[in-house]
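This is what each chain is made of:
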Amino acid sequence: MLSQEITIRVRYAETDRMGFLHHANYLVYFEQGRTELLRSNGFTYRTMEDQGFLLVLAKASVRYRSPARYDDELTLRTSVIRTTAVRIEHRYEVLRESTLIAEGETTLACVDRDGRLQALPDWLQQLK
(Lines give C-alpha, C1' and ligand atoms only; values in the text may rest on other atoms or scores of the structure.)
Protein backbone atom coordinates (compact mmCIF):
# COMPACT_ATOMS: atom_id res chain seq x y z
CA MET A 1 0.00 0.00 0.00
CA LEU A 2 1.35 3.40 -1.02
CA SER A 3 1.69 5.70 2.00
CA GLN A 4 3.25 9.07 2.91
CA GLU A 5 3.58 11.01 6.16
CA ILE A 6 3.78 14.77 6.56
CA THR A 7 3.96 17.04 9.59
CA ILE A 8 1.44 19.84 10.04
CA ARG A 9 1.43 22.46 12.80
CA VAL A 10 -2.04 23.77 13.72
CA ARG A 11 -2.22 27.48 12.98
CA TYR A 12 -4.22 29.89 15.13
CA ALA A 13 -6.50 30.80 12.20
CA GLU A 14 -7.50 27.13 11.89
CA THR A 15 -8.97 26.94 15.40
CA ASP A 16 -12.49 27.68 16.56
CA ARG A 17 -13.59 29.80 19.49
CA MET A 18 -12.99 26.89 21.87
CA GLY A 19 -9.36 26.71 20.74
CA PHE A 20 -9.79 23.42 18.87
CA LEU A 21 -8.79 22.73 15.28
CA HIS A 22 -12.03 23.41 13.37
CA HIS A 23 -13.51 20.20 11.98
CA ALA A 24 -13.56 21.45 8.36
CA ASN A 25 -9.78 21.86 8.37
CA TYR A 26 -9.24 18.12 8.57
CA LEU A 27 -10.48 17.89 4.97
CA VAL A 28 -8.02 20.63 4.00
CA TYR A 29 -5.25 18.63 5.66
CA PHE A 30 -6.38 15.50 3.80
CA GLU A 31 -6.04 17.38 0.51
CA GLN A 32 -2.55 18.47 1.53
CA GLY A 33 -1.71 14.85 2.29
CA ARG A 34 -2.92 13.69 -1.13
CA THR A 35 -0.94 16.43 -2.85
CA GLU A 36 2.28 15.50 -1.05
CA LEU A 37 1.71 11.77 -1.63
CA LEU A 38 1.45 12.46 -5.36
CA ARG A 39 4.50 14.75 -5.28
CA SER A 40 6.58 12.13 -3.43
CA ASN A 41 5.97 9.83 -6.39
CA GLY A 42 7.17 12.36 -8.95
CA PHE A 43 3.82 13.80 -10.03
CA THR A 44 1.81 16.94 -9.33
CA TYR A 45 -1.86 17.85 -9.54
CA ARG A 46 -0.89 20.70 -11.86
CA THR A 47 0.71 18.33 -14.38
CA MET A 48 -2.23 15.95 -14.16
CA GLU A 49 -4.76 18.75 -14.66
CA ASP A 50 -2.73 20.19 -17.55
CA GLN A 51 -3.09 16.75 -19.18
CA GLY A 52 -6.89 16.95 -18.77
CA PHE A 53 -7.31 14.64 -15.76
CA LEU A 54 -9.28 16.27 -12.94
CA LEU A 55 -9.95 14.58 -9.60
CA VAL A 56 -13.20 15.53 -7.89
CA LEU A 57 -14.26 14.57 -4.40
CA ALA A 58 -17.07 12.02 -4.55
CA LYS A 59 -17.14 10.94 -0.90
CA ALA A 60 -15.50 11.99 2.36
CA SER A 61 -15.73 10.80 5.94
CA VAL A 62 -13.93 11.83 9.12
CA ARG A 63 -14.03 10.28 12.57
CA TYR A 64 -12.88 12.64 15.30
CA ARG A 65 -11.40 10.94 18.35
CA SER A 66 -9.67 13.75 20.27
CA PRO A 67 -9.31 17.48 19.59
CA ALA A 68 -6.20 19.13 18.21
CA ARG A 69 -5.32 22.61 19.47
CA TYR A 70 -3.39 25.64 18.30
CA ASP A 71 0.33 24.94 17.83
CA ASP A 72 -0.04 21.16 18.07
CA GLU A 73 2.35 19.34 15.78
CA LEU A 74 0.43 16.64 13.94
CA THR A 75 1.49 13.77 11.74
CA LEU A 76 -0.80 13.04 8.81
CA ARG A 77 -0.45 9.61 7.24
CA THR A 78 -2.07 9.35 3.80
CA SER A 79 -2.46 5.99 2.07
CA VAL A 80 -3.95 4.81 -1.21
CA ILE A 81 -6.23 1.93 -0.26
CA ARG A 82 -7.90 1.19 -3.60
CA THR A 83 -7.97 2.28 -7.21
CA THR A 84 -10.45 1.40 -9.93
CA ALA A 85 -10.52 2.48 -13.55
CA VAL A 86 -12.05 5.86 -12.61
CA ARG A 87 -11.67 6.22 -8.81
CA ILE A 88 -8.98 6.40 -6.18
CA GLU A 89 -9.62 5.88 -2.46
CA HIS A 90 -7.42 7.24 0.33
CA ARG A 91 -7.24 6.61 4.06
CA TYR A 92 -5.94 9.20 6.52
CA GLU A 93 -4.68 9.01 10.07
CA VAL A 94 -3.99 12.17 12.07
CA LEU A 95 -1.73 11.65 15.06
CA ARG A 96 -0.46 13.86 17.86
CA GLU A 97 2.70 12.11 18.98
CA SER A 98 1.51 8.48 18.99
CA THR A 99 -2.16 9.22 19.72
CA LEU A 100 -4.65 8.80 16.88
CA ILE A 101 -6.86 11.90 17.04
CA ALA A 102 -8.76 11.58 13.75
CA GLU A 103 -9.10 9.25 10.81
CA GLY A 104 -10.86 9.49 7.51
CA GLU A 105 -11.38 8.27 4.00
CA THR A 106 -12.05 9.92 0.66
CA THR A 107 -13.04 8.73 -2.77
CA LEU A 108 -11.97 10.82 -5.75
CA ALA A 109 -13.36 10.35 -9.25
CA CYS A 110 -11.48 11.23 -12.41
CA VAL A 111 -13.35 13.51 -14.82
CA ASP A 112 -12.54 15.45 -17.96
CA ARG A 113 -12.92 19.22 -18.36
CA ASP A 114 -16.63 18.75 -19.12
CA GLY A 115 -17.20 16.83 -15.89
CA ARG A 116 -17.62 13.43 -17.56
CA LEU A 117 -16.08 10.38 -15.90
CA GLN A 118 -12.90 9.21 -17.55
CA ALA A 119 -10.26 6.61 -16.78
CA LEU A 120 -7.49 7.54 -14.36
CA PRO A 121 -4.15 7.99 -16.09
CA ASP A 122 -2.26 4.67 -16.22
CA TRP A 123 0.52 5.90 -13.94
CA LEU A 124 -2.02 6.85 -11.25
CA GLN A 125 -3.82 3.49 -11.44
CA GLN A 126 -0.46 1.83 -10.76
CA LEU A 127 0.24 3.80 -7.54
CA LYS A 128 -0.79 1.17 -5.02
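S.K.: Teacher, can you tell me more about the environment of Ala24 here?
M.R.: Locating Ala24 in the fold gives a position in the loop between strand 1 (3–9) and helix 1 (25–40). A relative accessible area of 37% means that Ala24 is categorised as partly exposed. Distance in space between the C-alpha atoms of Ala24 and Ala60 is 11 Å, their sequence separation being 36 residues.

S.K.: Please explain the sheet that holds strand 3 (residues 73–83) as it appears in this structure.
M.R.: Sheet strands pair via backbone hydrogen bonds, and the direction of the pair is either parallel or antiparallel. With antiparallel pairing, the 5 strands of this open sheet are ordered in space as 1-3-4-5-2. Each edge of the open sheet carries a strand with a single partner, namely strand 1 and strand 2 (54–64). For this sheet, the mean angle separating the axes of adjacent strands, direction not counted, is 25 degrees. Note that strand 2 and strand 5 (residues 99–111) share 10 bridges and pair antiparallel. Residue pairing across strands places Leu54 opposite Val111, the latter belonging to strand 5. Helix 1 contacts strand 1, strand 2, strand 3, strand 4 (87–96) and strand 5 of the sheet and is inclined by roughly 130 degrees relative to strand 1.

Calculation criteria
- Residues numbered from 1 in each chain as written.
- Predicted model: local features only at pLDDT ≥ 70, side-chain atom pairs only at ≥ 80, totals over all residues.
- Heavy atoms only, no water.
- Helix = DSSP H or I, 4+ residues; strand = E, 2+ residues; numbered from the N terminus.
- Buried < 20%, exposed > 50% of the residue type's maximum accessible area, 1.4 Å probe, protein only.
- Pairing = 2+ DSSP bridges.
- Axes fitted to C-alpha atoms, helices over the stretch in contact; angles between N-to-C directions.
- Contact = heavy atoms within 4.5 Å.

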